[in-house]
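# Remarks on the overall topology
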Amino acid sequence: MEILFYVFGGLAVMAALSVVLQRTPVYSALSLIVVLASLAVIYLLLGAPFVAMVQVIVYAGAIMVLFVLVIMLLNAGHEGPSQHRAKFARWAGPPLLVAFLAEVAVLIWKQYGLTSTANAPAVDASPAAVGRLLFTSYVLPFEVTSILILVAVLGAVVLAKRQF
Amino acid sequence: MAMSSSTQFIVIEAVIKIAVIMFVLLTAIAYLTWLERKVIGHIQARWGPYLVGPHGLLQPLADGMKFMFKEDIAPLEADRVVYWLAPFLAFLMAFLSIAVIPFGGSFTLAGHQIFLQITDLNVGLLFIFAVTSLGVYSVALAGWSSNSKYPLLGGLRSSAQMISYEISLTLGVIGVLMIAGTLSLREIVNQQAGLWGHGSVLSLLPRWNLFLQPVGFLVYFMAAIAETNRIPFDLPEGETELVAGFHTEYSSFKFAIFFMSEYANMITVSAIATLLFFGGWLGPVFGPAPLRVILPVFWFTLKVFCFLFFYIWVRGTLPRFRYDQLMAFGWKFLLPLGLLNILATSAVVAWVHS
């Protein structure tokens with residue numbers, strides 16, 4: 001099981017790098033799908049099949065399809081080297097990146113050290129348990145999110161209708 | 001590698017099951033093409049394939065050979081990587097979902113209970129939806145990577161169509177899930193065992209979910225035909241206006257792979273309809289022990305076959321929808337119907353439970 005974690009963890013990191021480094025937008029989008037799918041496998045390994053499946057259905061299967069569709073529709077081609085890069089980013093970027101990574105490393109070090117493996121207590125992650133939590137402890141955030149999405153849908157309809 | 005004998009047994013069991021199921025599925029796909037041509041032929045007062053073998057029975061074999069030996073032509077301006085990736089994805093997604101479909105009960109061999117299914121996930125149905133939702137990519141990417149206008153239009157159309165009908169597909173199933181209270185396909189089938197009543201007319205009817213969820217079934221199956229890009233919803237490959245849609249630029253074996261995935265998807269969708277609404281492998285079982293194992297598989301295959309025949313029958317009967325009709329049907333009819341069905345079902349389930 002641990003081997004699988006390293007395989008898919010590595011895949012996720014490499015694909016995430018590829019999202020940023022690819023010059024063709026479609027390749028970036030495809031790499032992002034690989035990231036999301038590898039994360040789903042890691043959820044599976046953590047014993048949360050429901051979350052894993054929802055991850056694939058919602059992110060990889062719905063949201064990314066729209067991304068890919070839009071990229072295809074715009075026919076965004078090969079991206080040349082950027083002309084608009086700020087001078088500031090060129091000399092301040094690398095040191096800031098190093099500082100940020102160091103900070104994250106220190107935080108992780110302080111929290112866990114190098115040897116300890118954090119063993120979380122096993123939780124029931126079945127669909128029924130997740131559903132029960134959603135409709136009891138987290139019912140307010142759940143309903144607020146629903147209203148937010150409803151507003152977004154209405155907004156999209158209004159914007160689309162104006163064209164005709 | 002030190003493996004206990006029971007782990008070894010599980011691994012060997014899984015490998016054998018996968019090999020057998022792949023073989024059966026590929027053969028079924030090959031003969032589904034034969035069946036389709038034969039049935040469509042007879043609907044149109046023709047004979048269909050007749051020359052290769054008795055009643056054209058060797059036609060699928062000949063077709064397969066032809067596809068393999070044809071020259072593989074790719075457009076010069078195509079995006080090579082994605083152009084190759086798309087048929088591969090289509091094949092993968094079409095065959096992955098078979099892994100969680102149970103097609104029979106279980107039997108005991110050398111002290112191990114063997115279930116007639118590759119693996120029983122407790123989120124089996126969600127797994128299938130996850131895999132089918134990824135299937136959109138093969139169509140969209142095939143259309144885009146060919147770098148040609150007809151495939152691009154076909155790819156865009158079918159992506160929009162598959163996203164729209166995926167919602168209705170899921171909504172149609174939710175009613176069954178609310179009644180069953182589980183996502184495991186094996187569990188859902190086991191709950192449909194038996195007859196409705198004793199003594200009355202009801203005792204003739206099996207306890208299938210179809211009788212509890214007729215609307216859910218209609219919504220599911222109509223959405224399923226659209227989801228598999230079949231007539232009357234085969235807009236993505238509407239020959240009259242888009243040449244052949246997303247796979248216009250594909251030739252040789254890559255074209256065959258798209259074709260096979262479409263038929264595999266038809267089989268998957270029919271199998272799910274059978275499992276959720278028609279009691280899966282349940283049916284009259286009698287006789288000695290081996291027959292008791294084989295009969296359920298036979299009932300399952302028979303029910304799936306009926307759906308596949310229905311698919312072909314529809315193709316021979318109905319004309320194609322126009323694109324705006326397709327979208328209006330999906331969003332203004334199927335979606336509200338599915339939502340109403342869920343409302344009604346949840347009300348009844350709540351009333352029964354209280």
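All of these numbers come straight from a predicted model, not from anything done at the bench.

Looking now at the overall build of chain A. If you tally the helices and strands in chain A, you get six helices and zero strands. For chain A, the sequential pattern of α-helices and β-strands runs α-α-α-α-α-α. A separation of at least 24 residues holds for 56% of the contacts in chain A among residues at least 6 apart in sequence.

The next thing to look at is the overall build of chain B. Along the backbone of chain B there are eleven helices and two strands. Tracing chain B from N to C terminus, the helices and strands come up as α-α-α-β-β-α-α-α-α-α-α-α-α. The C-alpha atoms of chain B give a radius of gyration of 22 Å, which matches the 20 Å a tight globule of 354 residues would have. Out of the 354 residues in chain B, the part that is buried amounts to 40%. Counting only contacts in chain B whose residues sit at least 6 apart along the sequence, the fraction spanning at least 24 positions is 74%.

Between chain B and chain A, the contact holds 17 residues from the first and 16 residues from the second. Those elements giving two or more residues to the side of chain B that touches chain A turn out to be helix H4 (124-145) and helix H5 (149-180) of chain B. With nine residues, the single largest contributor to the side of chain B that touches chain A is H4 of chain B.

A word on the environment of Gly 181 of chain B. Residues and elements named next belong to chain B. Here Gly 181 shows up in the loop between H5 and helix H6 (185-190). The class of Gly 181 is exposed, set by 12 C-beta atoms lying within 10 Å. Considering only alpha carbons, one finds Gly 181 and Phe 310, 129 residues apart in sequence, at a separation of 30 Å.

What follows covers the domain arrangement of chain A. As far as domains go, chain A holds domain 1 (1-79) and domain 2 (126-164). Each of domain 1 of chain A and domain 2 of chain A has a C-alpha centre, and these two points are 23 Å apart.

It is worth spelling out the pairing of strand S2 (residues 112-115) of chain B at this point. On a regular strand, each side chain points to the face opposite its neighbour's, so the side chains alternate between the two faces of the sheet. All names here are of chain B. As defined by bridge partners, strand S1 (residues 106-109) adjoins S2 across four bridges and the pair is classed as antiparallel. Bridge pairing in S2 places Leu 109 opposite His 112. Here S1 hands over to S2 after two residues, with Ala 110 in that stretch at a positive phi of 50 degrees.

Right, let's get into unusual backbone geometry. Trans is the common state for peptide bonds, and a negative phi is the common state for residues other than glycine. Residue and element names in this part refer to chain B. Even without being glycine, Ala 45 reaches a positive phi, approximately 60 degrees. Phi at His 55 takes a positive value of approximately 55 degrees, unusual for a residue other than glycine. Looking at the secondary structure, you find His 55 in the loop between helix H1 (5-43) and helix H2 (59-69). Overall, the presence of 14 C-beta atoms within 10 Å leaves His 55 in the partly exposed class.

This part is about the confidence of the model for chain B. Of the residues in chain B, 94% have a pLDDT of 70 or more, and the chain-wide mean is 83. Confidence estimates for the predicted assembly give a pTM of 0.83 and an ipTM of 0.78.

So, on to the packing of helix H7 (residues 214-227) of chain B against helix H9 (residues 252-277) of chain B. Residue and element names in this part refer to chain B. Running from amino to carboxyl end, H7 crosses H9 at an angle of 170 degrees, the nearest separation of the two axes being 10 Å. With respect to H9, the element H7 is oriented roughly antiparallel. Of H9, the residues touching H7 (which contributes Phe 217, Tyr 220, Phe 221, Ala 224 and Glu 227) are Val 269, Ala 273 and Phe 277.

On to the nonpolar core, then. Ranked by size, the top nonpolar core spans 100 residues in total, and within it Met 53 and Val 56 of chain A together with Phe 127, Ala 130, Tyr 220, Ala 223 and Ala 273 of chain B carry the most contacts. The element that contributes the greatest number of residues to this core is H4 of chain B, accounting for 15 residues. Beyond its immediate stretch of four places on either side in the chain, Ala 273 of chain B contacts Tyr 220, Phe 221, Ala 224, Phe 278 and Phe 307 of chain B.

Looking at the element boundaries, Tyr 6 of chain A is found in helix H1 (residues 2-21). Along the backbone, Tyr 6 of chain A and Val 41 of chain A are 35 residues apart, and their C-alpha atoms lie at a distance of 11 Å.

Under the 1.5 Å per step criterion, the end-to-end length of helix H6 (residues 139-161) of chain A is 33 Å for 23 residues, consistent within 8% with the ideal 33 Å. Burial analysis of H6 of chain A places just zero of its 23 residues in the buried class, which makes it a mostly uncovered element.

Reading the values: rules and limits
Residues numbered from 1 in each chain as written. Chains lettered and ligands numbered in written order. Predicted model: local features only at pLDDT ≥ 70, side-chain atom pairs only at ≥ 80, totals over all residues. Helix = DSSP H or I, 4+ residues; strand = E, 2+ residues; numbered from the N terminus. Contact = placed C-beta atoms within 7 Å. Rg over C-alpha atoms; globule rule 2.2 N^0.38 Å. Buried ≥ 20, exposed ≤ 12 C-beta atoms within 10 Å, placed from the backbone. Domains from an automatic or database assignment. Pairing = 2+ DSSP bridges. pLDDT = per-residue confidence, 0-100. Axes fitted to C-alpha atoms, helices over the stretch in contact; angles between N-to-C directions. Parallel < 35°, antiparallel > 145°, perpendicular 65-115°, else oblique. Core = buried A, V, L, I, M, F, W, Y, C linked by C-beta atoms within 7 Å. Expected span 1.5 Å × (residues − 1).

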